[in-house]
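Close look at the chain arrangement
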Amino acid sequence: MQRMIQIESPLFIKVEEDGVQISWKTIFGNENPLALEIGCGVGDFMAKVAVDNPGINFIAIDYYNKGCDKTCKRIEKLGLTNVRVLRVEAREFIATHIPTGSLTAVYINCPDPWPKKRHRKRRLVNPDFLRFLRDYLAPEGDFYFTTDFKDYGEDVAAFMPKMDGFANELAPDLYTHDLSSYYHSKYMLKFMAQGSQIYFVHYKKG
């Protein structure tokens, strides 16, 4: 069982159970565009993106308490004010606390691939989730997905062209192993150093 760490960081937002939508204008103190990372891990990817995009407010979520704690510490050390961290389940959080049509970007990096065939229905990124997520992306909002798991990468690359309301930014390719403009997390670099390939998928809301 995961040991629960008491996170005292001012960057950590505790979600109330009353269902009242969070006011991001109040949280960040401005009306800058919102972006979301689902599964922030230890925060290294989020830190790089937030440093280079000070005009965007980033919401970093993860279900693992330890990762949220490490992300907060990393962001605080850099003195960033445009990131907030939450320990939540993605779909419920988005439905309750993200205004529709508000996300300028969504990043999902190397989520659990559920490699056994009988478990693959548990994968986060599937057509049903993309239909759900589409409503929360802003017009021309970016959707990024990465994975080091071949079957997962090929699966997402195969169904995305069939999704209404999305335009492939890598066309004519369905995915790439080299998206030079995209930050590589420590997890990605670890697998790349071992000779594994990362699958990058990039779409915009059409």
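Reading the values: the criteria
- Along each chain, residues carry numbers from 1 onward, in the same order as the chain's sequence is written.
- Selection of residues for local features in this predicted model requires a pLDDT of at least 70, selection of side-chain atom pairs for listing and counting requires 80 or more, and totals for whole chains, interfaces and linings are taken over all residues.
- Derived side-chain values reflect all non-hydrogen atoms in the structure, with water molecules and hydrogen atoms excluded from consideration.
- Classification of ring pairs rests on two measures: the distance between centres of Phe, Tyr or Trp rings, Trp counted by its six-membered ring, which must be within 6.5 Å, and the angle between planes, read as stacked under 30 degrees, edge-to-face over 60 and tilted in between.
- Think of it this way: any DSSP run of H or I at least four residues long counts as a helix, any run of E at least two long counts as a strand, and we number them from the N terminus.
- Partly exposed residues are those whose accessible area sits between 20% and 50% of the maximum for their type, while under 20% is buried and over 50% is exposed, using a 1.4 Å probe and protein chains only.
- Counted as over-ring charges are cases with an Arg CZ or a Lys NZ within 6 Å of the ring centre that also lie within 35 degrees of the ring normal.
- Only buried Ala, Val, Leu, Ile, Met, Phe, Trp, Tyr and Cys residues count toward a nonpolar core, and they belong to the same one when joined by side-chain atoms within 4.5 Å.
- Contact criterion: two residues are considered in contact whenever any of their non-hydrogen atoms come within 4.5 Å of each other.
- In this description, strands pair whenever DSSP reports at least two bridges between them.
- Orienting the strands away from the viewer, one traces the path from the first strand over the helix to the second; a clockwise path indicates a right-handed crossover.
- Each patch is built from salt-bridge-free residues with over 30% relative accessible area, joining like charges within 9 Å and nonpolar side chains (Val, Leu, Ile, Met, Phe, Trp, Tyr) within 5 Å.
- In this description, accessible areas are obtained by the Shrake-Rupley approach with a 1.4 Å probe, and a residue is regarded as covered only by the protein chains that are shown.
- A carboxyl oxygen of Asp or Glu within 4 Å of a side-chain nitrogen of Lys or Arg is what we treat as a salt bridge.
- Residues scored as positive are Lys and Arg, those scored as negative are Asp and Glu, and His as well as the terminal groups of each chain are ignored.
- The atom standing in for a charge is NZ when the residue is Lys, CZ when it is Arg, CG when it is Asp and CD when it is Glu.
- Definitions used for this entry: grid spacing 1 Å over protein atoms alone; cavity, a set of points where a 1.4 Å probe fits but cannot get out; pocket, an open set with protein on both sides within 12 Å along at least 5 of 7 lines; lining residue, one with an atom within 4 Å of a point.
- Grid points are joined across faces, edges and corners, and a volume is the space filled by probe spheres set on the points.
- For this classification, the nonpolar set comprises Ala, Val, Leu, Ile, Met, Phe, Trp, Tyr, Cys and Pro, the charged set comprises Asp, Glu, Lys and Arg, and every other residue, Gly included, is treated as polar.
- The arc refers to the directions leading from the helix axis to the C-beta atoms.
- A 3.5 Å cut-off defines polar contacts: any pair of N or O atoms within that distance qualifies, except that in protein one atom must be a possible hydrogen donor and the other a possible acceptor, and neighbouring residues in sequence count only when both atoms are side-chain atoms.
- Helix axes are fitted to C-alpha atoms over the stretch in contact, other axes to C-alpha atoms as well, and angles between N-to-C directions run from 0 to 180 degrees.

For any pair of aromatic rings, the description consists of the separation of the ring centres together with the inter-plane angle of the planes. On inspection of all chains with the given rule, the structure shows 15 aromatic pairs. Relative to Tyr136, the ring of Phe132 lies with its centre 5.1 Å away and its plane at 50°, an arrangement referred to as tilted. For the ring pair Tyr187 and Phe191, a centre distance of 4.8 Å and an interplane angle of 40° mean the geometry is tilted. Of this pair, Tyr187 and Phe191 both sit in helix H7 (residues 186-193), 4 residues apart, which is roughly one turn of the helix. Phe191 gets classed as buried once you look at its relative accessible area, which sits at 18%. One aromatic cluster is present, built from ring pairs that chain together Phe45, Tyr107, Tyr144, Tyr182, Tyr183 and Phe200. In this structure, Arg87 packs its charged tip against the face of Tyr63, placed 4.7 Å from the ring centre. Directly above the aromatic system of Phe132 lies the positively charged group of Arg91, at a separation of 4.7 Å from the ring centroid.

This next bit is on the nonpolar core. If you look at the biggest cluster of nonpolar residues, it comprises 36 residues, and the most contacted ones within it are Phe93, Ile94, Phe143 and Met160. With residues up to four places along the chain from it excluded, the contact list for Ile94 reads Leu36, Ile38, Phe129, Phe132, Leu133 and Tyr136. Core analysis: the next-biggest nonpolar cluster, separate from the first, contains 29 residues, Cys40, Leu80, Leu179 and Ile198 among them.

With that settled, the discussion passes to the pairing of strand S3 (residues 83-87). The buried fraction of S3 is high, at 4 of 5 residues. Both strand S2 (residues 57-62) and S3 contribute to a ladder of 5 bridges, which runs parallel. Residue Ala60 lies in a different strand from S3, and its bridge partner there is Val85. Each parallel crossover has a hand, and the one from S2 via helix H3 (residues 65-77) to S3 is right-handed.

As a further point, take a positive patch on the surface. A cluster of basic side chains, namely Lys116, Arg118, Lys121 and Arg122, defines a positive patch on the protein surface. Mapped onto the fold, Arg122 is located in the loop between strand S4 (103-109) and helix H5 (127-134). Look at Arg122 and you get partly exposed, because its relative accessible area is 46%.

The next thing to look at is the layout of surface pockets. Where empty space is left can be seen by rolling a probe of water-molecule size over the atoms. Size it by volume and the largest pocket reaches roughly 1000 Å³. For the largest pocket, the lining is made up of 34 residues, of which Gly39, Asp62, Tyr64, Pro111 and Asp112 are closest to its centre. The residue inventory of the lining of the largest pocket, partitioned by class, reads 16 nonpolar, 7 polar and 11 charged.

Glancing now at the environment of Asp69. Relative to the helices and strands, Asp69 is located in helix H3. Overall, the relative accessible area of 11% leaves Asp69 in the buried class. Setting aside anything within four residues of it in sequence, one finds Asp69 in contact with Ile5 and Ile7.

A separate point is helix H4 (residues 90-97). Of the residues making up H4, those classed as buried are Ala90, Phe93, Ile94 and His97. An end-on view of H4 places all buried positions within 100° of arc, on one side of the element. On the buried face of H4, the contacting elements are helix H1 (24-28), strand S1 (34-38), S2, S3 and H5. The N-capping residue of H4, defined by a side-chain oxygen 3.2 Å from the backbone nitrogen of Arg91, is Glu89.

Moving on, we get to the sheet that holds S4. Hydrogen bonds between backbone atoms are what pair the strands of a sheet, whose relative direction is either parallel or antiparallel. Strand order in the open sheet formed by 7 strands is S3-S2-S1-S4-S5-S7-S6, with mixed pairing between adjacent strands. Where the open sheet ends on each side, the last strands, each with one partner, are S3 and strand S6 (166-168). For this sheet, the mean inter-axis angle between neighbouring strands, taken without regard to orientation, is 20°. Pairing between S4 and strand S5 (residues 137-147): 6 bridges, direction parallel. Bridge pairing in S5 places Val106 opposite Phe143. In the packing of helix H2 (residues 44-52) onto the sheet, the strands contacted are S1, S2, S3 and S4, and the crossing angle to S2 comes to about 175°. Along the sheet, H4 contacts S1, S2 and S3; its crossing angle with S1, the most-contacted strand, is approximately 165°.

Take it as geometry only, folks, not as evidence of what the structure does.
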